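Each chain, written out:
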Amino acid sequence: MGRKKRRTPGTTNKGRKRSGNPARNASKKTLAPGSTTQELDRLLPDFVRWHDVHGGGTDTRLALARLTAFYFLYTKTSSIKSVTAIDPQLMIQLLAMLLSLNQDQAVKIARTLHVFLHFLRQSGRWSGTYSSYLETHAILQAVGSDDPQLVPDPTT
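Described in the following lines is the structure provided in the data block. Note that the coordinates shown come from a computational prediction; the quantities given were computed from them, not determined experimentally. (Residues numbered from 1 in each chain as written. Predicted model: local features only at pLDDT ≥ 70, side-chain atom pairs only at ≥ 80, totals over all residues. Heavy atoms only, no water.)

Turning next to the packing of helix 3 (residues 88-101) against helix 5 (residues 130-144). In contact at an axis separation of 10 Å, helix 3 and helix 5 are set at 15° when each is read in the N-to-C sense. Looking at the two axes, helix 3 sits roughly parallel to helix 5. When the axes of helix 3 and helix 5 are compared, the crossing they make is right-handed. On helix 5, the residues touching Pro88, Gln89, Met91, Ile92, Leu95 and Leu99 of helix 3 are Ser132, Glu135, Thr136, Ile139, Leu140 and Val143. Of the residues in the contact of helix 3 with helix 5, the class split is 8 nonpolar, 3 polar and 1 charged. (Axes fitted to C-alpha atoms, helices over the stretch in contact; angles between N-to-C directions. Helix = DSSP H or I, 4+ residues; strand = E, 2+ residues; numbered from the N terminus. Parallel < 35°, antiparallel > 145°, perpendicular 65-115°, else oblique. Left-handed = near helix turned anticlockwise from the far one by under 90°. Contact = heavy atoms within 4.5 Å. Nonpolar A, V, L, I, M, F, W, Y, C, P; charged D, E, K, R; others polar.)

So, on to helix 2 (residues 60-76). Between its terminal C-alpha atoms helix 2 stretches 24 Å, which fits the 24 Å expected from 17 residues at 1.5 Å a residue. Residues of helix 2 that are buried include every one of Thr60, Ala63, Arg66, Leu67, Phe70, Tyr71, Tyr74 and Thr75, and no others. Buried residues in helix 2, looked at end-on, bunch into an arc of 150°, giving them a common side. Among the exposed residues of helix 2, those pointing more than 90 degrees away from its buried face are Arg61, Phe72 and Lys76. Sitting at the head of helix 2, Asp59 places a side-chain oxygen 3.0 Å from the backbone nitrogen of Arg61. (Expected span 1.5 Å × (residues − 1). Buried < 20%, exposed > 50% of the residue type's maximum accessible area, 1.4 Å probe, protein only. Arc of directions from axis to C-beta. Polar contact = N/O pair within 3.5 Å; in protein donor to acceptor, adjacent residues only side chain to side chain.)

Right, let's get into the nonpolar core. Counting 32 residues, the largest nonpolar core has Phe47, Phe70, Tyr71, Met91, Leu95, Leu113 and Phe116 as its most contacted members. Contributing elements (two or more residues each) for this core: helix 1 (36-54), helix 2, helix 3, helix 4 (103-122) and helix 5. In terms of residue count, helix 4 provides more of this core than any other element does, 9 residues in total. Setting aside residues no more than four positions away along its own chain, Phe47 makes contact with Ala63, Leu64, Leu67, Val115, Phe116 and Phe119. (Core = buried A, V, L, I, M, F, W, Y, C linked by side-chain atoms within 4.5 Å.)

This part takes up the environment of Gln89. Mapped onto the elements, Gln89 comes out in helix 3. The exposure class assigned to Gln89 is partly exposed, which follows from its relative accessible area of 33%. Gln89 sits 43 residues away from Ser132 along the chain, and the two C-alpha atoms are 9.5 Å apart. At 2.7 Å, the side chain of Gln89 forms a polar contact with the side chain of Glu135.

Set out below in structure tokens:
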């Protein structure tokens, strides 16, 4: 009978398939500083439950895709690494760029972000200032209304 090879320190299970539900232990993992994707992933289950009640009829999968797309751009263009506070000036610059590329999609992203903003505030997860919340809310409301006259100029 052959002997089992002993694992030495430093060997890993690379390529080894693991069973079970990876989401089950997700809350036990700690986040690396600046890990926006992990922070967003951690909020999504609560957001989905909240969205089912308060979401306004938008498909949850589309909402998640829009949030992921926005935060990908948001974190790539700034040093801000949190999804629980939004810099209104940076957000308006990104939305202006998105509006110039595809107005319909930009409006949908703004509407979804507006819903997410309400989730953050109502669940007590908003980590920005109250004034930044009000400013962000006003901008998202204007862009989401699909009226270009209401959208503030990002250069001011």
